[in-house]
Amino acid sequence: LHHTIQARENRSFTMKILYVLALVDSTAVLGFSSGGKYAFARSTRPGTPLFSTATGQQAKYATPERYVTDHPNNNVPPHIAALVGRGLHERADHPLGIIRAKINEYFSSLPEDYQTFDAEDPIVTCTQCFDDLRIPPEHPGRSPSDTYYISEDTLLRTHTSAHQSHHLRDGYDAFLCAGDVYRRDEIDSSHYPAFHQLEGVKLFPAESVAGADGLKGEAWIASPECALIAKDLKATLEGLMDHLFGPVEKRWADDYFPFTEPSFECEILYQGEWLEVLGCGVVHAEVLDMAGRGDRRGWAFGLGLERLAMVLFGIPDIRLFWTDDERFSSQFKSGEITTFKSYSKFPPVFKDISMWVPETYVENDFFEMARGIAGDLVEETKLIDEFTNKKTGKTSKAYRITYRSMDRSLTNDEIDAMQDQLRDDVVKLGLEVR
């Protein structure tokens, strides 16, 4: 989550950072993370490699046919399956890998021996991703409009917290997990359906929290043992922030996550703006009970690597993390935080679409359809008008779609073809083009 960076006096850089802060401030980390059957674990102790070898352990998951199947519940499109196994966070000279290494570097300096898990299978069960974390069946995050399902019982993980209970059952008391996660989302410069999270968990010795045995709810929150864990959690994460960003002002606010009690969010004051950097909390007693660790108490946190990298490197568009363009990759070096220098930005092409939408309409389904047709050429999809016809009761929504390539100029003819296909295909969602 953080790294010491040199003070920058260049005014244009400061303005760029403020722009990126505005972009990432609205993105939310929806979970904490960890493990699986094929987990690759290592210690964060000095001398232990911070990265897997052979182009990253994730390479074994770069098999799209695992994710796009003929199961009736499968809703993974080919453009998402093609992203799995890229292992961006394992690349030592990639911004995400640099941030992750800085985080590991900090935790290796602490007294505890944190195990680090890489290359965990991105396919998890509903039990791992939701039930083990007290996420109820009716939660919107479990909807096919939000989540990519392989089958009725398996999915592409929506957060790295899907592995947490597995590692707890295996007896780990302190660990970090990083990985790619997948979630249907809106389309703009700070949202992408595939991104990366890192989670940390620490359990305390049973004897140090024995006084809270049997306590739950408000009684647990009011206990000295809970206060002890929360204090340690905040001190640990404040140290991490200073390690990444340099000494910064922090503030804490109460939050809610079904898998922690109490829960907090942390913000830092960076370049004159408050930036939300992570969610965290004391692991819920029921989560520990389900993992067979009911005699222990501890904390957990989760953060988004893209969110931090966009700020620290000044990267204005989340799509850039996935590019193979050497003009991007050549700017970064293992262990160094450097300011991204924008290369040629090609002109956008704007196209509007207006539709009558049913009451059951879910925007994410429309966004996913647009991505499926145009891929990363879709830079933004913005609602520009909405009204309800008083006579018919029908609701209309109008969107402006921004198409832009990061490596060439687009032609109206090719974009018209994509837009025409989108206009034809929205009928499948029960939408009526006006």
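Structure: see above.
Residues numbered from 1 in each chain as written. Predicted model: local features only at pLDDT ≥ 70, side-chain atom pairs only at ≥ 80, totals over all residues. Heavy atoms only, no water.

Describing the overall build of the protein chain
No. 1: Regarding its fold elements, the protein chain presents 12 helices and 14 strands.
No. 2: Counting all 434 residues of the protein chain, 56% fall into the buried class.
No. 3: Look at the contacts in the protein chain between residues 6 or more apart in sequence, and 73% of them connect residues 24 or more apart.
No. 4: When the accessible area of the protein chain is evaluated, it comes to approximately 18,100 Å², of which 51% is carbon and sulfur surface. (Helix = DSSP H or I, 4+ residues; strand = E, 2+ residues; numbered from the N terminus. Buried < 20%, exposed > 50% of the residue type's maximum accessible area, 1.4 Å probe, protein only. Contact = heavy atoms within 4.5 Å. Areas by Shrake-Rupley, 256 points an atom, 1.4 Å probe, with all protein chains shown as cover.)

What about helix α9 (residues 305-313)?
Side chains three or four residues apart in an α-helix point the same way, a direct result of the helix having 3.6 residues per turn.
No. 1: Extensive coverage of α9 is indicated by the burial of 9 of its 9 residues.
No. 2: Taken as a whole, α9 has its buried residues at L305, E306, R307, L308, A309, M310, V311, L312 and F313.
No. 3: Of the residues flanking the end of α9, it is G314, one or two places downstream, whose phi is positive at about 70°.

Thoughts on helix α3 (residues 95-108)
No. 1: Across its 14 residues, α3 extends 20 Å between first and last C-alpha, which sits within 8% of the 20 Å expected from 1.5 Å per residue.
No. 2: Counting buried positions along α3 gives 13 out of 14 residues, so the element sits mostly inside the fold. (Expected span 1.5 Å × (residues − 1).)

Observations concerning the sheet that holds strand β11 (residues 349-357)
No. 1: What the 4 strands build is an open sheet, ordered β12-β13-β11-β14; its pairing is antiparallel. At either end of the open sheet lies a strand with only one pairing partner, and these are β12 (378-388) and β14 (432-433).
No. 2: Both β11 and β14 contribute to a ladder of 2 bridges, which runs antiparallel. Note that in β14 the partner of M355 across the bridge is V433.
No. 3: Where helix α11 (residues 363-374) meets the sheet, its contacts fall on β11, β12 and β13 (395-403), and the angle it forms with β13 comes to roughly 35°.
No. 4: Where helix α12 (residues 412-425) meets the sheet, it contacts β11, β13 and β14, and its direction lies at approximately 10° from that of β11. (Pairing = 2+ DSSP bridges. Axes fitted to C-alpha atoms, helices over the stretch in contact; angles between N-to-C directions.)

Regarding the packing of aromatic side chains
No. 1: Applying the stated criterion across every chain, the model contains 18 aromatic pairs.
No. 2: Each ring, one from F328 and one from F340, has its centre 5.7 Å from the other, and the planes form 55°; the classification is tilted. One end of the pair, F328, is in helix α10 (residues 326-329); the other, F340, is in the loop between α10 and β11, with 12 residues separating them in the sequence. In terms of burial, F328 and F340 fall into one category: buried.
No. 3: Ring geometry for W356 against F387: centres 5.7 Å apart, planes inclined by 75°, an arrangement best described as edge-to-face. One end of the pair, W356, is in strand β11; the other, F387, is in strand β12, and 31 residues separate them in sequence.
No. 4: Exposure remark for W356: the relative accessible area of 16% places this residue in the buried category.
No. 5: Ring pairing ties together the aromatic residues Y106, F107, Y114, W299 and F301, which thus form one cluster.
No. 6: In this arrangement the basic side chain of R251 is found over the ring face of W274, its NZ or CZ atom lying 4.0 Å from the centre.
No. 7: Positioned over the ring face of W356 is R434, at 5.2 Å from the centre of the ring. (Phe/Tyr/Trp six-rings, centres within 6.5 Å; stacked < 30°, edge-to-face > 60°. Lys NZ or Arg CZ within 6 Å of the ring centre and 35° of its normal.)

Points about the pairing of strand β5 (residues 174-182)
No. 1: The element β5 is largely enclosed, with a buried count of 9 among its 9 residues.
No. 2: Across 3 bridges, the pairing between strand β2 (residues 115-118) and β5 is parallel. Within the sheet, the bridge partner assigned to T116 lies in β5 and is L176.
No. 3: Pairing of β5 with strand β6 (residues 194-204), which is carried by 9 bridges, proceeds in the antiparallel orientation. Residue pairing across strands places Y182 opposite A194, the latter belonging to β6.

Focus on the state of the cysteines
No. 1: Per the stated rule, a full pass over the model turns up 0 disulfides.
No. 2: Distance from the sulfur of C280, which forms no disulfide, to the nearest cysteine sulfur (C266) is 6.9 Å.
No. 3: A relative accessible area of 0% places C280 in the buried class. (Disulfide = S-S within 2.5 Å.)

Some thoughts on the environment of I384
No. 1: Within the secondary structure, I384 sits in strand β12.
No. 2: A sequence separation of 17 residues divides I384 from I401, and the C-alpha atoms of the two residues are 9.9 Å apart.
No. 3: Residues within four places of I384 in sequence aside, it is in contact with D352, A398, Y399 and R400.

Considering the environment of H243
No. 1: In this fold, H243 is placed in helix α7 (residues 224-245).
No. 2: With 137 residues separating them along the chain, H243 and Y106 place their C-alpha atoms 6.9 Å apart.
No. 3: A distance of 3.3 Å separates a polar atom in the side chain of H243 from the backbone oxygen of K102. (Polar contact = N/O pair within 3.5 Å; in protein donor to acceptor, adjacent residues only side chain to side chain.)

As for unusual backbone geometry
No. 1: The linkage connecting E261 with the following residue, P262, adopts the cis geometry, with an omega of 0°.
No. 2: Within the secondary structure layout, P262 lies in strand β8 (residues 260-270).
No. 3: Here R134, not a glycine, exhibits a phi torsion of approximately 65°, which is positive.
No. 4: Among the structural elements, R134 can be located in the loop between α4 (126-129) and β4 (154-156).
No. 5: Of the residues examined, R134 reaches a relative accessible area of 28% and is grouped as partly exposed.
No. 6: Even without glycine at this site, Q271 takes up a positive phi of about 55°.
No. 7: Mapped onto the elements, Q271 comes out in the loop between β8 and β9 (273-283).
No. 8: Judged by its relative accessible area of 28%, Q271 falls in the partly exposed class.

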